[in-house]
Amino acid sequence: MTESVKTKLKKYHMYINGEWVGSTSGEYFPSYNPATGEPWCYVAKGTAEDVDLAVKAAHQAFLNSEWSTMTYTERGRLVRRLGELIAERVEELAQFETLDNGKLIREMRGQLKYLPEFFYYYAGLADKIHGETLPIDKKDMFVFTSREPLGVVAAITPWNSPLYLTTLKLAPALVAGNTIVIKPSEMTSASLLELVKLVEEAGFPPGVVNVVTGFGMPVGDSLTSHPLVRRVAFTGGAESARHVVRNSAENFAKVTLELGGKSPNIVFDDADPDNAAMGIIAGIFGASGQSCVAGSRAFLHVDIYDKVMERLIDRVSKIKVGDPLQDETEMGPLATQAQLERVERYVAIGLEDGGKIAYGGKKPEHLTKGWYFEPTIFEHTDHASRITKEEIFGPVLSIIPFKSEEEVIQLANSTDYGLAAGIWVKDIAKAHRVAKAVRAGIVWVNTYRSISPIAPIGGSGLSGYGRESGYEAIHEYTQSKVVWINT
Ligand code: NAD
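Residues numbered from 1 in each chain as written. Predicted model: local features only at pLDDT ≥ 70, side-chain atom pairs only at ≥ 80, totals over all residues.

### Quick notes on the UniProt feature "active site" (unreviewed entry) in the chain
- The feature "active site" (unreviewed entry), as given by UniProt, occupies E258 in the numbering adopted here.
- Residue E258 is classed as buried on the basis of its 28 C-beta neighbours within 10 Å.
- With residues near it in sequence (within four places) discarded, E258 still touches T235, C292, G458, G464 and E468. (UniProt positions renumbered as here; feature names shortened; annotations may be inferred. Buried ≥ 20, exposed ≤ 12 C-beta atoms within 10 Å, placed from the backbone. Contact = placed C-beta atoms within 7 Å.)

### A word on helix α2 (residues 48–63)
- Helix length check: α2 (16 residues) gives 22 Å between terminal C-alpha atoms against 22 Å at 1.5 Å per residue, within 8%.
- Where α2 is concerned, the buried positions are D50, V51, A54, V55, A57, A58, H59, A61 and F62. (Helix = DSSP H or I, 4+ residues; strand = E, 2+ residues; numbered from the N terminus. Expected span 1.5 Å × (residues − 1).)

### Regarding the sheet that holds strand β17 (residues 396–402)
- Spatial strand order, β15-β16-β17-β14-β13-β18-β19: seven strands in an open sheet with mixed pairing. Among the strands making up the open sheet, the edge pair consists of β15 (356–359) and β19 (442–445). The average undirected angle you get between the axes of adjacent strands in this sheet is 25 degrees.
- Note that strand β16 (residues 376–379) and β17 share four bridges and pair parallel. Its bridge partner being in β17, T376 is matched across the sheet by V396.
- Packing of helix α14 (residues 405–412) onto the sheet brings it into contact with β13 (264–267), β14 (297–301), β17 and β18 (420–424), and relative to β17 it is tilted by some 150 degrees. (Pairing = 2+ DSSP bridges. Axes fitted to C-alpha atoms, helices over the stretch in contact; angles between N-to-C directions.)

### Remarks on the site of the ligand
- Taken together, the neighbourhood of the ligand is formed by 28 residues, with G216, G220, G236, G260 and C292 sitting nearest.
- Secondary-structure elements contributing two or more residues to the shell around the ligand are α9 (216–224) and α10 (238–251).
- Of the residues forming the shell around the ligand, the biggest block, five residues, is contributed by α9.
- In terms of residue class, the shell around the ligand is made up of eleven nonpolar, twelve polar and five charged.
- Residue assignment places the shell around the ligand across two domains, with domain 1 (10–259 + 459–482) and domain 2 (264–445) each supplying three or more. (Near = placed C-beta within 6 Å. Nonpolar A, V, L, I, M, F, W, Y, C, P; charged D, E, K, R; others polar. Domains from an automatic or database assignment.)

### Digging into the domain arrangement of the chain
- When the domains of the chain are assigned, the result is domain 1 (10–259 + 459–482) and domain 2 (264–445).
- A separation of 31 Å is found between the C-alpha centroids of domain 1 and domain 2.
- Contacts between domain 1 and domain 2 engage 21 residues on the former and 25 residues on the latter.
- Among the secondary structure elements, those contributing two or more residues to the side of domain 1 that touches domain 2 are α5 (90–101) and α6 (105–125).
- With three residues, α6 is the single largest residue contributor to the side of domain 1 that touches domain 2.
- For the side of domain 1 that touches domain 2, the per-class residue count stands at seven nonpolar, ten polar and four charged.

### Observations concerning the sheet that holds strand β1 (residues 10–12)
- What the three strands build is an open sheet, ordered β1-β5-β4; its pairing is mixed. Sheet topology places β1 and β4 (28–33) at the edges, where each strand pairs with a single neighbour. Ignoring strand direction, the axes of neighbouring strands in this sheet form an average angle of 35 degrees.
- As defined by bridge partners, β1 adjoins strand β5 (residues 38–44) across three bridges and the pair is classed as parallel. Paired with Y12 across the strands is V43, a residue of β5.

### Focus: unusual backbone geometry
- With an omega of 10 degrees, the peptide bond between M217 and P218 qualifies as cis.
- Even without a glycine there, the phi angle at S288 is positive, about 55 degrees.
- Mapped onto the elements of the fold, S288 is located in the loop between α11 (273–285) and β14.

### Some thoughts on helix α13 (residues 337–352)
- For α13, with 16 residues, the first-to-last C-alpha span of 23 Å sits near the 22 Å given by 1.5 Å per residue.
- The complete set of buried residues in α13 reads Q339, L340, V343, Y346, V347 and G350. Axial view of α13: buried residues confined to an arc of 125 degrees, hence all on one face. Structural note: α13 exposes A338, E341, R345, A348 and E352 on the side pointing more than 90 degrees away from its buried face.
- Against the buried residues of α13 lie β16 and β17.
- The positive-phi residue at the C-terminal boundary of α13 is G354, with phi of around 95 degrees. (Arc of directions from axis to C-beta.)

### Some points on the UniProt feature "domain: Aldehyde dehydrogenase" (unreviewed entry) in the chain
- Those places that UniProt annotates as "domain: Aldehyde dehydrogenase" (unreviewed entry) correspond, in this numbering, to residues 20–483.
- What you have in residues 20–483 is 40% helix and 20% strand, and the ends, taken at the C-alpha atoms, are 42 Å apart.

### Here's the deal with the nonpolar core
- In this structure, V79, V181 and V267 are the most contacted members of the largest nonpolar core, which totals 136 residues.
- Residue contributions to this core peak at ten residues, all from α6.
- The residues contacting V79, other than those within four sequence positions of it, are F119, Y122, A123, A126, A171, L174 and V175. (Core = buried A, V, L, I, M, F, W, Y, C linked by C-beta atoms within 7 Å.)

### A look at the environment of D270
- Looking at the secondary structure, you find D270 in the loop between β13 and α11.
- Excluding anything up to four places from it in sequence, D270 contacts V425, K426 and D427.

### Observations regarding the packing of α9 against α10
- Packing of α9 against α10 leaves a shortest axis separation of 9 Å and a crossing angle of 35 degrees. The crossing of α9 and α10 is right-handed. Contact residues: G216, G220, D221 and T224 in α9; S240, H243, V244, N247 and S248 in α10.
- Looking at the contact of α9 with α10 residue by residue, the classes come out as one nonpolar, seven polar and one charged. (Left-handed = near helix turned anticlockwise from the far one by under 90°.)

As structure tokens, this is what we get:
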């Protein structure tokens, strides 16, 4: 790309205290389009100084602004208004997300069409955040609790679903009365900055919502260790999460971690093979496998193995890989060159460990530009390979046969992750037993990837801790105060 074209690309500023500002570094960095591998915009390269300005603005807004004296109902109305504005701009926001992360335009449209529901759900909860009176065992005492906001929230997000993962933090944090500083992934900042224009239009007071763009070091690091931050909501990988948790030793911020997974899809012999195959495909090849809940391991009962495999290969061979902006495309590129190289490394490891490729395994021949990889299916005879235990975050599915319920529960639980699981079965008692036994924060039976603002999301082990979405998120963004009155 020539210098003259580079200078024509859009430059994004950051949003601090209600103003669009450049970074104190004066620098910008490129954001790439995964379908071409070329930069398509530039983003301000934030510094620790920018973080300090943003956190102080958020702290000020929390303590001493129109926001701090607003009623819960008024805050709820603003959050609802933001949802309505997003609903009007779905197409535009979807285009920004696809340009930045290469996910299918039709997938982004679907996700963003549903996004306002999260704002409406939390707006509806705004005036239902309340405490209770306590029947204390002491005469003359009147005791009650209230739920109070925490203060400045630091939200850190990855690149795979930028606006959805921001919304899970932004909407409950705001209705609970907190203020927020958001650091989007350095790879996908644009859609959030476009959304913040709607925050402005909705009428949120300055300092309530702030965005500092840039890299994990120094922006994410200085944000999560800032002494005025009281709450950190992190979504991303385990390595970065370890830094975040260490940083919380500085400010004692309350932390939630939404990390990765190695989620199983378990298919019992009485399952409908067509539904199971379609669910497995949607679970792993949606978003080219770059999804925290990707169902990257499929356990097939030996008596249904061939039927499901036949359907999987038939459907996967028809997946149209290509330009994510085209409506007919079914699988787009990976988000970065590094991600593509990671997938290639894991495919080599899978082969070294004795896995057999049943489909795919390389870059598609017809796509010479961009970071594309074929949907790939490995067959394994056991669960010993690294690719059956480690998160790949790409379109690679591992198939493992099993003979009994006990065996498959033990296999499904033999990773350090615990985020999601799918069970394909007709026997309802078995569905309940396995749902209980499998280590996962989300279990889907005869479905996969269903979401709702009403249902919590989260995991255990290497998948993190704490919950987003649902009513539980209100508790994650508030704390109780108890008041004793001697009457
Ligand atoms: P990442 O950890 O590299 O980056 C996530 C965010 O953390 C980015 O904004 C990054 O700049 C920031 N960061 C990096 N180092 C930091 C530090 N030292 N301090 C503070 N912030 C820092 O992850 P990624 O590659 O962007 O995303 C992929 C990972 O995210 C995968 O493991 C995936 O499973 C996980 N993920 C989880 C969920 C979920 O809800 N559980 C959803 C999507 C993605």
